[in-house]
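Here is how the chains run, residue by residue.
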Amino acid sequence: MFKLNGTVFMPSVLTLVGIPGLESVQFWIGIPFCAMYITALFGNSLLLVIIKSERSLHKPMYLFLAMLGATDIALSTCILPKMLGIFWFHLPDIYFDACLFQMWLIHTFQSIESGILLAMALDRYVAICDPLRHAIIFSHQLLTQIGVAVTLRAALLVAPCLILIKCRLKHYWTAVVSHSYCEHMAVVKLAAEDIQINKIYGLFVAFTILGFDIIFITLSYIRIFITVFNLPQRESRLKAFNTCIAHICVFLEFYLLAFFSFFTHRFGFHIPPYIHILLSNLYLLVPPLLNPIVYGVKTKQIRDRVCKIFHFKYPS
């Protein structure tokens with residue numbers, strides 16, 4: 001790494017600040033973050049064990065939930081160990097290529113999670129609107145194909161973000177990243193060159209994946225609600241709606257945090273930087289924490305299995 005005209009040419013190492021403006025209290029912020037991470041790991045691992053061991057849960061809804069749990073574990077593990085290294089052990093340095101790899105993993109797993117939420121919405125749509133064909137349509141072969149398609153879509157669409165950074169951006173104003181992890185725009189903004197293409201492609205990926213998914217999830221639930229409200233019996237309506245509550249909660253939690261973080265980072269120029277960073281961190285940490293809790297509480301089969309494991313009774 002060497003400087004040219006006040007810029008850094010191809011830095012080999014970047015420095016992650018953590019949370020700008022809150023450096024003096026980062027040690028204490030790391031404590032709840034670590035607790036969230038441990039809880040998310042435990043909750044999602046327990047969910048995976050229950051779904052794997054209970055044959056009655058080998059159904060599309062629960063298999064998608066297992067995919068979501070595995071993605072949540074991977075996503076939080078991409079971020080927290082390094083973040084806690086910054087907060088607690090003053091280890092802010094990261095190799096440039098390692099930073100790009102972390103960026104690819106984070107945004108890929110985010111995109112995979114969005115794709116799984118779309119698949120879960122389509123599963124509920126078929127289960128409620130066309131129940132007689134549900135088992136035929138959502139075969140194990142289709143589930144495998146959906147898993148592969150969601151993963152490939154995410155990995156292939158996110159990869160050019162890294163290629164554009166590596167190939168186009170050679171000079172950087174600084175090697176200090178004002179973030180607690182390698183977020184795409186936080187790294188791109190360091191460049192001393194034209195970053196318009198990088199910004200445009202980042203927006204394209206966000207709206208291609210999140211925008212596409214949220215539109216079809218919304219359309220699915222509009223159709224589901226129409227079908228549910230047309231059911232003749234109140235008990236049938238409540239039962240059908242109850243199968244969707246957990247997914248609706250997870251859907252709202254994921255996308256509201258996603259878009260709030262996305263827009264404040266790009267257009268919230270008057271919002272303090274530490275608010276941006278905290279929102280970005282919570283967006284990546286809260287869903288892995290809450291997803292197993294929401295599904296554990298709202299899904300009777302999973303709740304009963306958890307109660308059986310820990311030998312206590314859950315009030316009916």
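Scoring rules and cut-offs
Residues numbered from 1 in each chain as written. Predicted model: local features only at pLDDT ≥ 70, side-chain atom pairs only at ≥ 80, totals over all residues. Heavy atoms only, no water. Helix = DSSP H or I, 4+ residues; strand = E, 2+ residues; numbered from the N terminus. Rg over C-alpha atoms; globule rule 2.2 N^0.38 Å. Buried < 20%, exposed > 50% of the residue type's maximum accessible area, 1.4 Å probe, protein only. Areas by Shrake-Rupley, 256 points an atom, 1.4 Å probe, with all protein chains shown as cover. Lys, Arg positive; Asp, Glu negative; His and termini not counted. Charge placed at Lys NZ, Arg CZ, Asp CG, Glu CD. Axes fitted to C-alpha atoms, helices over the stretch in contact; angles between N-to-C directions. Parallel < 35°, antiparallel > 145°, perpendicular 65-115°, else oblique. Left-handed = near helix turned anticlockwise from the far one by under 90°. Phe/Tyr/Trp six-rings, centres within 6.5 Å; stacked < 30°, edge-to-face > 60°. UniProt positions renumbered as here; feature names shortened; annotations may be inferred. Pairing = 2+ DSSP bridges. Contact = heavy atoms within 4.5 Å. Salt bridge = Lys/Arg side-chain N within 4 Å of Asp/Glu carboxyl O. Arc of directions from axis to C-beta. Nonpolar A, V, L, I, M, F, W, Y, C, P; charged D, E, K, R; others polar. Patch = residues over 30% accessible without salt bridge, like charges linked within 9 Å, V, L, I, M, F, W, Y side chains within 5 Å.

A few words on the overall build of the protein. A tally of regular secondary structure across the protein gives ten helices and six strands. Scaling as 2.2 N^0.38, a compact globule of 316 residues should have a C-alpha radius of gyration of about 20 Å, and the protein matches this with 21 Å. Seen through its C-alpha atoms, the protein measures out along the principal axes to roughly 75 × 40 × 35 Å. Counting over 316 residues, the protein shows a buried share of 50%. Accessible surface for the protein amounts to roughly 15800 Å². Of this, 72% is attributable to carbon and sulfur atoms. Taking the average location of the 24 positive side-chain charges in the protein and that of its 15 negative ones, the two points are 8 Å from each other.

Here the focus is the packing of helix H1 (residues 26-53) against helix H2 (residues 60-89). Two numbers describe how H1 lies on H2: the axes approach to 9 Å, and their chain directions differ by 155 degrees. As judged from the angle between their axes, H1 and H2 are roughly antiparallel. Pair H1 / H2 crosses with left-handed handedness.

Turning next to the packing of aromatic side chains. Enumeration according to the criterion identifies 14 aromatic pairs in this entry. Judged by centre distance (5.2 Å) and plane angle (85 degrees), the rings of Phe27 and Trp28 are edge-to-face. Given a relative accessible area of 41%, Phe27 falls into the partly exposed group. With a centroid separation of 6.1 Å and an interplanar angle of 20 degrees, the aromatic rings of Phe101 and Trp104 are classed as stacked. Separated by three residues within a single helix, Phe101 and Trp104 lie in helix H3 (residues 96-129), roughly one turn from each other. On the basis of relative accessible area, Trp104 is assigned to the partly exposed category, the value being 23%. Among the aromatic residues, those joined into a ring-pair cluster are Phe27, Trp28, Trp88 and Phe89.

Let's shift gears to the UniProt feature "transmembrane region" (unreviewed entry) in the protein. The UniProt entry lists residues 27-50, 62-89, 101-122, 142-165, 200-222, 243-263 and 275-295 under the feature "transmembrane region" (unreviewed entry), expressed in the numbering used here. The distance separating the terminal C-alpha atoms of residues 200-222 is 31 Å; by composition the span is 100% helix and 0% strand.

The next point concerns the sheet that holds strand E4 (residues 93-95). With respect to topology, three strands assemble into an open sheet ordered E4-E3-E6, the strand pairing being mixed. Both edges of this open sheet fall to E4 and strand E6 (176-177), since each of them pairs with a single strand only. As paired elements, strand E3 (residues 13-16) and E6 share two bridges and run parallel to each other. Counterpart to Thr15 in the pairing with E6 is Val176. Most of the contacts of H3 go to E4, to which it runs at about 85 degrees, and overall it touches E3 and E4.

A separate point is the side chain of Glu253. Within the element layout of this structure, Glu253 appears in helix H8 (residues 234-267). Look past the residues within four positions of Glu253 in its chain and what remains in contact with it is Val286, Pro287, Leu290 and Asn291.

Two side chains with opposite charge may pair up if their charged atoms get near one another. Counted under the stated rule, the structure contains five salt bridges. Residues Glu54 and Arg305 are paired through a salt bridge, measuring 3.4 Å at the closest nitrogen-oxygen approach. Linking Glu54 in the loop between H1 and H2 with Arg305 in helix H10 (residues 300-310), this pair joins segments that are 251 residues apart in sequence. We note a salt bridge from Arg153 to Asp213, for which the minimum N-O separation is 2.8 Å.

Moving on, we come to H10. Within H10 the residues assigned to the buried category are Ile302, Arg303, Val306 and Cys307. Each buried residue of H10 sits inside an arc of 135 degrees when the element is viewed along its axis, so together they form one side. Away from the buried face of H10 by more than 90 degrees, exposed residues Lys300 and Lys308 are located. Buried residues along H10 sit against H1, H2 and helix H9 (273-298).

Time to look at the packing of H2 against helix H5 (residues 140-168). Two elements in contact, H2 and H5, have axes separated by 11 Å at closest approach and are oriented at 25 degrees. Between H2 and H5, the interaxial angle falls into the category roughly parallel. Judged by the sense of rotation from one axis to the other, the crossing of H2 with H5 is right-handed. Counting all contacts with H2, which are made through Pro60, Leu63, Phe64 and Met67, the residues of H5 involved are His140, Leu143, Ile146 and Gly147. Of the residues in the contact of H2 with H5, the class split is six nonpolar, two polar and no charged.

Moving on to a nonpolar patch on the surface. Together, Phe212, Ile215, Phe216, Leu219, Ile222 and Ile226 line one region of the surface with nonpolar side chains, adding up to about 550 Å² of accessible area. Structurally, Ile226 can be placed in helix H7 (residues 196-229). Take Ile226: its relative accessible area is 43%, and that puts it in the partly exposed class.

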